[in-house]
Structures are given as C-alpha cells and as structure tokens.
Amino acid sequence: MKKNINDLAIFNGPPLFKDLLHVGCPNIPPRDFFIKRIHESLDRQWLTNRGPFVKELEEKMRDYCGVKHCILTCNGTTALQIAIKALDLTGEVIVPSFTFVATAHSVQWVGLKPVFCDVDPVTHTINPEEVKKLITPKTSGIIGVHLWGRPCDTEALEKISAEYQLKLIFDAAHAFGASKKNRMIGSFGNCEVMSFHATKFFNTLEGGAVTTNDDALAERIRLMINFGFEGYDNVICAGTNGKMNEVSAAMGLTMMDHLKTTIEDNESKYALYERLLGSIEGIQFMRYNGDNKANYQFIVLELDESKMKLQRDLMIKIFHAENIVVRRYFYPGCHRMEPYRSQANVVKNSLKETEALSERIICLPTGPSIDKEKIENICAFLKFIIVHGSEISDKALENIL
Ligand code: T4K
C-alpha cells in the first residue's frame, strides 16, 4: 500500500496493481462445460437460426424470469430496436438521459425522437412525475431503465402508460436475475429487454433478449429477428437479423448452470465493499432496496468532492494510473452526447438530477475476476487518497502548471 503521496503512479510511483483491473471484466464460467457445448454444436452442424442451444436457453430463461416468452437476440441494442418496431411506436419516446447511450440510440436509430426525462436522485431511475410532464400528442411510448439492476417504479409507470395509452418498455440490460417484490424482472410493461454483453455478470459474449407475456408481441418479435420469415420462403413483414448464435447460447447455458453462485459471489463482494466504504465521509455507497433481489453487478459510489477535497475526475485519473479502471458511468448523460446535444426539443424540462449524478458517480471493479484481497486493496487505496485529498490536489495542480 502507498505510504506517501509521492508514491502515487500519477506522480511516477509504481502502480498498485501489475495487471489492469476493469469495471466490466468478463465473468468466465468453467470453460470445460462451455467448450464441450461448442464441440456439440459443431458436431451437430447447427450454428445459428434458433438452434437447440438457443431453444434450451430461451426455455430456461423464461422459467427463471417467470414470463411466457423469452426471445434471444444478438445483443441488447438490436433487441431494443426490434421491441420499439414491434410495438409500432411513433413520434416521441420518453427515455431517461441517465443511462447507457444505447437506450436513446435505439429510439433514434429507428427514426423516432427520444425525449429525455430526469431521474429520481435516490433510485437513479426515470422519475414518473417528470414523465407525465413530457407527454404530448406525439408521445407513443416510455422506456424505463432498471439502472444498475435496481427496478424502476414499475407501478407508477404502468399506471401512466395505461392512463395515456402509451406503450411501456423496460430496458433491463442490467437487471437479469433481479426481482421486485418477489416478481422477477422480465414480465413488467409490454416487454423488457436484456443485455448479455461480455461486460455483464451474465454474458453470452454478445447477446440480449426480449421477454414478454404478450403472445402476439412475442410472435411479431420472433418474425422480426429473422427477416420476417414465416416458414422457409414466406416473408410476411419487414425484419432484420437479430438472432443469437449457438456459441453465444452455449455460453449462456454454461452461465445459467452457475447463476446462483455467481450472484452469491457478487453479493459477498458487494457486502465487503459496503463494509469497507459504507460509512466514509464524502462517499454515498449505492445500496440495493431490501424488498428487491439484486444481482449486485455494479459497485456505485456517489462522491461529494467538497468533503473529500479531491475532484472526481482527478480521482479517476489517479485510479487509472494505478491500473484500476474505474468508470464514470453514465457520464455525461445522453442529452449531452451527439446527435442529441445538437437536436432541438430532446430536452424539454430540467435534467438537473441527471447532470448532478453524472458529475458525482464512479463505479468500482467487481465480479468473479476481482478477488477479496484486491477489493481490500482498492478500498484501502481509496481511503488513502481521500485522507490526502487536499495534498494530492495541490501537488497535481503544481504538476499541471
Ligand atoms: N441499455 C443499457 C442500460 C446498457 O447498459 C446497455 C449496454 C445496452 C442497453 C445495450 O446492450 P448491448 O447492445 O451492449 O448488449 C459497456 C458495454 O459494451 C455495454 O454492453 C454496456 N451496456 C455498458 C454499460 O458497458 P462500454 O462503452 O463501457 O464498453 P468498454 O469497451 O469500455 O468495456 C467496459 C470495460 O470492460 C472496460 O473497462 C474493459 C472491460 N472489458 C470489456 C470487454 C468487452 C473486458 O475486460 N473484457 C472484454 O471482453 O460499454
């Protein structure tokens, strides 16, 4: 551990870790089972187009999420685009700005206008009261994001969507394995969309899913992910190629075999972080609501720079120099990214909570590749730089001048 601020890697000391520790470092399941399945699929000579592994994984996920349909896709973004198309959304769609840009891009990409809504400062999810203020005759839908895997205020959003006859999609990219009051994420709204990208605790290399209880919608989505084909040569609607392949599904099945232990492992690392950082002045540790089950894949801190005498972005530089790749998700908010920054009418009301959050947050590494000793070192290092916050800031400033 560092004894003196001159030992910091930003001031040319040796880095704390030899190898990079990333937020989003993939969870690799026992590889023998994965490789065995790859061999099986090669031997079978069935590699994609709803092969046996995709079907098996769809069934397992459907049962796990307690939902009627699970349609696997090539990634979460395509799944969102297809869900928007399949629900016939038009005009304006209300989305949070405090999310990964794929949420907004999915709306924009299919030719509609994302209208950005502020989030609740405590839950970081779309604020239903703010949603109401943004509804116009052009609004056709709402996309709520279960950010960090913490469920949105589903009751309030479902009520608004019923009252104003709007379609409701949940971007559940972070929320596989989470539940709200004993109901698994997957069956809320008209449909929910998941991501199984390599950086998610449950990954299929690339991959995603749409889950829904609506039979007709599921049927439409199935057609749309396969060019609109019904049978061998009968195309009945416009579609795209949104299918998951068998190698991805083999990874998903292998992940599924270890899902319970992976979540338990995430939870124990989260508990360790909470114990070590949960009561430090200047750090607000993001907690999961006790009524809901979480997957604990994100460790999120809200920083109060004034109490730490250290700017968040300087802290990030310090961490990166030590080979700890922390992230300032979801900076700077979609509305401050292109093409939205240059568009009229995407921001109608204040996004002050989004702007404040995007300046305050850092995410720390966790997951199976980060062992407890590394977490202890990360936390001890964080405490060290907070204690020496003003000295470090002064020295960094001198170095820049
Ligand atoms: N909606 C929401 C709310 C989302 O968060 C996402 C995706 C989507 C929709 C869209 O779902 P997908 O179409 O992606 O299925 C990453 C992921 O690429 C993205 O999937 C994820 N959200 C987002 C939160 O994180 P970046 O831009 O941060 O990726 P990148 O390349 O910087 O990687 C993140 C970290 O992971 C790096 O520090 C390196 C590490 N990493 C990454 C990969 C791919 C590894 O160590 N190994 C790897 O193989 O977006």
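Residues numbered from 1 in each chain as written. Predicted model: local features only at pLDDT ≥ 70, side-chain atom pairs only at ≥ 80, totals over all residues. Heavy atoms only, no water.

(A) Just the overall build of the chain, in detail. Counting its secondary structure elements, the chain contains 14 helices and 14 strands. Taken against the 2.2 N^0.38 rule, which gives 21 Å for 401 residues, the C-alpha radius of gyration of the chain at 22 Å falls within 12% of a compact globule. With the principal axes as the frame, the chain shows a C-alpha extent of 70 × 55 × 40 Å. Per-residue burial for the chain yields a buried fraction of 54% across its 401 residues. Accessible surface for the chain amounts to roughly 17700 Å². Of this, 51% is attributable to carbon and sulfur atoms. Averaging the coordinates of the 47 positive side-chain charges in the chain and doing the same for the 50 negative ones gives two points 1 Å apart. (Helix = DSSP H or I, 4+ residues; strand = E, 2+ residues; numbered from the N terminus. Rg over C-alpha atoms; globule rule 2.2 N^0.38 Å. Buried < 20%, exposed > 50% of the residue type's maximum accessible area, 1.4 Å probe, protein only. Areas by Shrake-Rupley, 256 points an atom, 1.4 Å probe, with all protein chains shown as cover. Lys, Arg positive; Asp, Glu negative; His and termini not counted. Charge placed at Lys NZ, Arg CZ, Asp CG, Glu CD.)

(B) Molecular detail of the sheet that holds strand S11 (residues 283-285). Strand order across the open sheet formed by 3 strands is S11-S12-S14, with antiparallel pairing between neighbours. What marks the edges here is a single partner per strand, and that holds for S11 and strand S14 (361-364). For this sheet the average axis-to-axis angle between neighbouring strands, irrespective of direction, equals 30°. By the bridge criterion, 4 bridges tie strand S12 (residues 299-303) to S14 in an arrangement that is antiparallel. Across the sheet, residue glutamate 302 finds its bridge partner in S14, namely isoleucine 361. On the sheet, helix H9 (residues 259-277) packs against S11, S12 and S14 and is oriented at approximately 150° with respect to S11. (Pairing = 2+ DSSP bridges. Axes fitted to C-alpha atoms, helices over the stretch in contact; angles between N-to-C directions. Contact = heavy atoms within 4.5 Å.)

(C) Local environment of unusual backbone geometry. Here tyrosine 329 and phenylalanine 330 are connected by a cis peptide whose omega angle stands at -10°. With respect to the helices, strands and loops of the structure, phenylalanine 330 is situated in the loop between strand S13 (324-325) and helix H12 (352-360). The omega torsion across tyrosine 331 and proline 332 is 0°, close enough to zero to call that bond cis. On the secondary structure map, proline 332 appears in the loop between S13 and H12. The phi dihedral of glutamine 45 falls on the positive side, at around 55°, and the residue is not glycine.

(D) Main features of the site of the ligand. In the vicinity of the ligand lie 24 residues, with Thr77, Asp171, His174, Ser195 and Tyr329 positioned nearest. In the complex, the protein chains occlude 75% of the 930 Å² of accessible area that the ligand would expose alone. Broken down by secondary-structure element, the contributors of at least two residues to the shell around the ligand are helix H3 (76-86) and helix H4 (102-109). Residue composition of the shell around the ligand, grouped by class: 9 nonpolar, 12 polar and 3 charged. Domain assignment of the residues forming the shell around the ligand places at least three in each of domain 1 (5-27 + 259-398) and domain 2 (31-257). (Near = heavy atom within 4 Å. Nonpolar A, V, L, I, M, F, W, Y, C, P; charged D, E, K, R; others polar. Domains from an automatic or database assignment.)

(E) Region of interest: the domain arrangement of the chain. Domain annotation of the chain identifies domain 1 (5-27 + 259-398) and domain 2 (31-257). If you average the C-alpha positions of domain 1 and of domain 2, the two centres end up 27 Å apart. Listed as interface residues are 44 residues of domain 1 and, on the opposing side, 46 residues of domain 2. Of all residues in domain 1, the largest losses of buried area upon contact with domain 2 belong to Leu259, Phe330 and Tyr340, amounting jointly to 20% of the total for that side. Of the charged contacts, one joins lysine 348 and glutamate 92 as a salt bridge, the two residues approaching to 3.0 Å between their closest N and O atoms. In this assembly, domain 1 and domain 2 are joined by 24 residue pairs in polar contact (both at pLDDT 80 or more). Of all the secondary-structure elements, those providing two or more residues to the side of domain 1 that touches domain 2 are H9, S12, H12 and S14. Ranked by residues supplied to the side of domain 1 that touches domain 2, first place goes to H12 with 5 residues. Among the residues making up the side of domain 1 that touches domain 2, the classes are represented as 21 nonpolar, 15 polar and 8 charged. (Buried area = accessible area lost by both parts, 1.4 Å probe. Salt bridge = Lys/Arg side-chain N within 4 Å of Asp/Glu carboxyl O. Polar contact = N/O pair within 3.5 Å; in protein donor to acceptor, adjacent residues only side chain to side chain.)

(F) Seen up close, the packing of helix H11 (residues 312-321) against helix H13 (residues 372-387). Closest axis-to-axis distance for the H11/H13 pair is 12 Å, and the angle between their directions is 135°. With respect to each other, H11 and H13 are oriented oblique. For the element pair H11 and H13, the recorded crossing hand is right-handed. Residues Met315, Ile318 and Phe319 of H11 form the contact with H13, whose participating residues are Ile378, Phe381, Leu382, Ile385 and Ile386. Along the lines of polarity and charge, the residues of the contact of H11 with H13 split into 8 nonpolar, no polar and no charged. (Parallel < 35°, antiparallel > 145°, perpendicular 65-115°, else oblique. Left-handed = near helix turned anticlockwise from the far one by under 90°.)

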